[in-house]
Amino acid sequence: MALSAAPGCCAGERGPRWRRPWKLLALGLLSASSVLAAAPGAGAMSREEKRRLGNQVLEMFDHAYSNYMEHAYPADELMPLTCRGRVRGQEPSRGDVDDALGKFSLTLIDTLDTLVVLNKTKEFEEAEKVIKDVNLDNDIVVSVFETNIRVLGGLLGGHSVAIMLKEKGEYMQWYNGELLHMAKELGYKLLPAFNTTSGLPYPRVNLKFGVRHPEARTGTETDTCTACAGTLILEFAALSRFTGTSIFEEYARKALDFIWEKRQRSSNLVGVTINIHTGDWVRKDSGVGAGIDSYYEYLLKAYVLLGDDSFLERFNTHYDAIMRYISQPPLLLDVHIHKPMLNARTWMDSLLAFFPGLQVLKGDIRPAIETHEMLYQVIKKHNFLPEAFTTDFRVHWAQHPLRPEFAESTYFLYKATGDPYYLEVGKTLIENLNKYARVPCGFAAMKDVRTGSHEDRMDSFFLAEMFKYLYLLFADKEDMIFDIEDYIFTTEAHLLPLWLSTTNQTISKKNTSTEYTELDDSNFDWTCPNTQILFPNDPMFAQSIREPLKNVVDKSCPRGISRAEESLGSGPKPPLRARDFMASNPEHLEILKKMGVSLIHLKDGRVQLVQHAVQAASSLDAEDGLRFMQEMIELSSQQQKEQQLPPRAVQIVSHPFFGRVVLTAGPAQFGMDLSKHKAGTRGFVATIKPYNGCSEITNPEAVKEKIALMQRGQCMFAEKARNIQKAGAIGGIVIDDNEGSSSDTAPLFQMAGDGKNTDDITIPMLFLFNKEGNIILDAIREYEAVEVLLSDKAKDRDLEMENMDQKSSESDAHKPNSEEAPSDSQDAGAVGEEPEGGGESSAVGDPDPLSAASTASASVPMAGEDPHTSGPAEASAPEAACTPGDSQPQEQNTQTEATSKAHWDSKVQPMESILADWNEDIEAFEMMEKDEL
């Protein structure tokens, strides 16, 4: 919305409410203008620069629009890399994405009111005449949701500005409601989709044959997304108000009513996907991104446009739940609707970028600023907002189809704050579009934001929304030919006039059959904002909120102060995250204790984390504890998938071993990649001083050109590597300091970096558990000069040298000792080959099966080195302490394999089992909840 009724004016007001949405305009404009006046000279952008950028937006729009009209029209969309139109059926199918295409000149219809906003009235009048040729009676199956917001919304937006221009007397004098007639025709074509017992529409409809007709090729679907069924009320109500035909608004209201009734009552959240016949939730995760986003948006905007209090009450109820469970400033993370304290995933999708703009309309400015700034930092890192990114801001899905949601929120925040910072943000968006997305025939979507590769795609929403918001961001009031504050924006940024609230009212405003929860939340006192509320005595208020988030992408994400904490005056809680946890940090242990999490030290050097909610200091701490445990398990699984490296080998090649002893070693995520250096690194070993390797090496002459041995602990692995590399070592072996630890019983350990750039480390680093490390240390004591080979896998042993040694030392007294080491390795139960499915998590199951429903557990090692990997990043794979040589009898090899299998079967609980246990916990919680209800 164009800040009509805003930012958030009266959206949360308790008590008497304004009954005419346009009466909110004065308050909204007062707020925006007051802020503008309050912050003069605060890095303000000059009027000339704003005008230059506005003209640049116009030029960019012309480049995109003219290429569509020249190379694509009457096709639905432009393919900017091949300079031709995309016609459905003539190009390879893209699956559901193509459901937006209906052979109805989609881009032209979607762009109609953008032409007027950008003062291109002549082009608009020409488009109106051309659009009469568009056919809406095609035998084609389209998405009800996409057709509603893009085509029906585009026709209604075009009609809205057409009658406005006609009233002004200069343009469109010939116009006689042609666009509205087309909109009504399309509305009737969408109505068959609502032929369900629930009132929720089918997700698709055939424009010619409807849904259940034999030739419709649709009507068998059972599920639809919440946003698909809940994003109809603005367009359908506007169509009813414009035409006086109430059926459209009635159908849209019935769908909204059904979703509201099916919300999860204890959390007041809705799921992503719902069965259109039974109303059962199919996907029970909930967020503010894809699948749900515009449902929340339309509840609030329906109140503004239609003046119906029930929509506001529903929105406030949902918003309270969002801020309690989903909002983890500056993050917005999906949760389970039945147990909303459990995160459903560890990544966010780009569609949630609209939410700060909705929060501005709501009047909740602080979290809007925080989330927007976080998103901007991601954009500055990748040039565009990836389709999805993780909680530590890595790319999850790399595409970017030129989505406008971030530009939308930028515009709303600038209107609410007047802060010139948001003009600079808009300038960055313009520069990135021209630099990375512009091609000779338009603008191409990004196939991968990391590589800058393009996709032959320019969606209609790019013209409908992106240029509209960017132009409005830099336009002054005198640059517009009409008052944008007289309109509300749909989710596709189409303009609907606010005066519709008093036109053709045939629907009862109040749903008296629905009960609403009385909310006691100080957030709802933030109504009809002005500068004294939003920015109390501080014109730099927005900057003070953004400042802590400037480096959020490059560092760990700071946790904001919740409203509950602000009201209690307790200040922020320690921002302990699973990825930051170190079991050797006393402060972390104290925080865990407060959250009801206890530690159990295991023999293999790890610690098991067990959470008992009843032992937490408070219910909020218990909730934090559950989040922490879930995050620990998810982080373990995620890092295992993304960073799992295979085991490496340490092979003793000197006399009298000659390669017969192979020790399974843990890899490092830094230094030389042994898989790319088949020859490996060969050298004699030397023990360093100090043995922990955490300071400058004092015996560099003994270490130079050798492979350094050091003990685990007291500093980061990367720091040890840098110190020995500086001393001249050609490689390093870290030996576990936990007495008795062995690859027989412990998962493979993987050494991580220190969170900084580790490109300066060029030598290979490997990790040995205590038992395997002692084999090398014992060999040094016995033979002094011990040579090893560090490699990705064991190499053929040196038979020639071994034979020569055997001939020259048949009566050597040391020969029995030389056999001891291989014998020890055989006892270790090693195996030479890696079974399938070797990757396991270091997390283990709940040690107390009797309390599975009330406890959760995960396991991490003692973390003295790297907070990012010491624990969840420990991946496990089959380990071998050492492998007997080929000269051993066949029976002995068979015994070794059997021993190996026994060891493999007795390993710690695999990650799949851990996650299954966790899911059982969740199901148990749900059953308990049903019993309570």
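Heads up: the structure comes first, above all this text.
A brief structural summary. Since the model is a prediction, treat every value here as computed from it, not as a measurement.

A few words on the side chain of Ser350. The topology assignment puts Ser350 in the loop between strand S12 (347-349) and helix H12 (355-362). Those residues in contact with Ser350 that lie beyond four places of it in its chain are Leu385, Pro386, Glu387 and Arg403.

Moving on, we get to the pattern of salt bridges. Counted by the stated rule, this structure contains 43 salt bridges. Between Asp476 and Arg47 there is a salt bridge, with the nearest N and O atoms lying 2.9 Å from each other. Of this pair, Asp476 sits in the loop between helix H16 (460-474) and strand S19 (487-489) while Arg47 is found in helix H2 (residues 47-71), placing the two residues 429 residues apart along the sequence. Residue Asp476 is classed as buried on the basis of its relative accessible area of 17%. Here Arg47 falls in the partly exposed class, since its relative accessible area comes to 41%.

Another point: the nonpolar core. Within the largest apolar cluster, 179 residues are counted, with the highest numbers of intra-cluster contacts made by Ile233, Leu433, Phe443 and Phe467. Those residues in contact with Phe467 that lie beyond four places of it in its chain are Val57, Met60, Phe61, Ala64, Leu118, Phe443 and Phe462.

This brings us to the packing of aromatic side chains. Scanning the model with the defined rule gives 31 aromatic pairs in all. Ring centres 6.2 Å apart and planes at 80 degrees place the aromatic pair Trp174 and Tyr175 in the edge-to-face group. For Trp174, a relative accessible area of 27% gives the class partly exposed. Since its relative accessible area comes to 2%, Tyr175 is described here as buried. Seen from their ring centres, Tyr411 and Phe412 are 5.4 Å apart, and the 50 degrees between their planes marks the pair as tilted. Both residues of the pair, Tyr411 and Phe412, count as buried. Among the aromatic residues, ring-to-ring pairing joins Phe61, Tyr65, Phe443, Phe462 and Phe467 into one connected group. Taking the ring centre of Trp260 as reference, the NZ or CZ of Arg263 above it sits at 3.8 Å.

The α-helix advances 3.6 residues per turn, and as a result positions three or four apart in sequence lie on the same side. Counting buried positions along H12 yields eight of eight residues, so the element is predominantly enclosed. Residues of H12 that are buried: Phe355, Pro356, Gly357, Leu358, Gln359, Val360, Leu361 and Lys362. Looking at the buried side of H12, the elements it contacts are helix H10 (293-306), helix H11 (309-326), strand S10 (331-332), helix H13 (365-382) and helix H14 (405-417). Residue Gly363 follows H12 closely and has a positive phi angle near 100 degrees.

If you walk across this open sheet you meet the three strands as S12-S13-S14, and the pairing is antiparallel. One side of each edge strand has no neighbouring strand; the edge strands of this open sheet are S12 and strand S14 (395-397). Averaged over all adjacent pairs, the angle separating strand axes in this sheet is 30 degrees, with direction ignored. In terms of strand pairing, S12 meets strand S13 (residues 388-390) through three bridges, oriented antiparallel.

Before going further, it helps to examine the state of the cysteines. On inspection of all chains with the given rule, the structure shows three disulfides. Two residues, Cys694 and Cys715, share a disulfide whose sulfurs are 2.1 Å apart. An S-S torsion of about -85 degrees defines the bridge between Cys694 and Cys715 as left-handed. With Cys694 in the loop between strand S25 (681-687) and helix H22 (700-703) and Cys715 in the loop between strand S26 (707-711) and helix H23 (717-726), this residue pair connects regions lying 21 residues apart in the sequence.

A few words on H13. Taking 1.5 Å per residue as the helical rise, H13 with its 18 residues ought to reach 26 Å, and the 26 Å between its terminal C-alpha atoms agrees with that figure. Downstream of H13 by a residue or two, Asn383 has a phi angle that is positive, lying close to 75 degrees.

A separate point is the environment of Met374. Residue position: Met374 is located in helix H13. On the basis of relative accessibility, which here comes to 0%, the residue Met374 falls in the buried class. Apart from residues lying up to four places away in sequence, Met374 is in contact with Pro330, Leu331, Met348, Phe389, Phe393, Val552 and Val553.

The rules behind the values
Residues numbered from 1 in each chain as written. Predicted model: local features only at pLDDT ≥ 70, side-chain atom pairs only at ≥ 80, totals over all residues. Heavy atoms only, no water. Helix = DSSP H or I, 4+ residues; strand = E, 2+ residues; numbered from the N terminus. Contact = heavy atoms within 4.5 Å. Salt bridge = Lys/Arg side-chain N within 4 Å of Asp/Glu carboxyl O. Buried < 20%, exposed > 50% of the residue type's maximum accessible area, 1.4 Å probe, protein only. Core = buried A, V, L, I, M, F, W, Y, C linked by side-chain atoms within 4.5 Å. Phe/Tyr/Trp six-rings, centres within 6.5 Å; stacked < 30°, edge-to-face > 60°. Lys NZ or Arg CZ within 6 Å of the ring centre and 35° of its normal. Pairing = 2+ DSSP bridges. Axes fitted to C-alpha atoms, helices over the stretch in contact; angles between N-to-C directions. Disulfide = S-S within 2.5 Å. Expected span 1.5 Å × (residues − 1).

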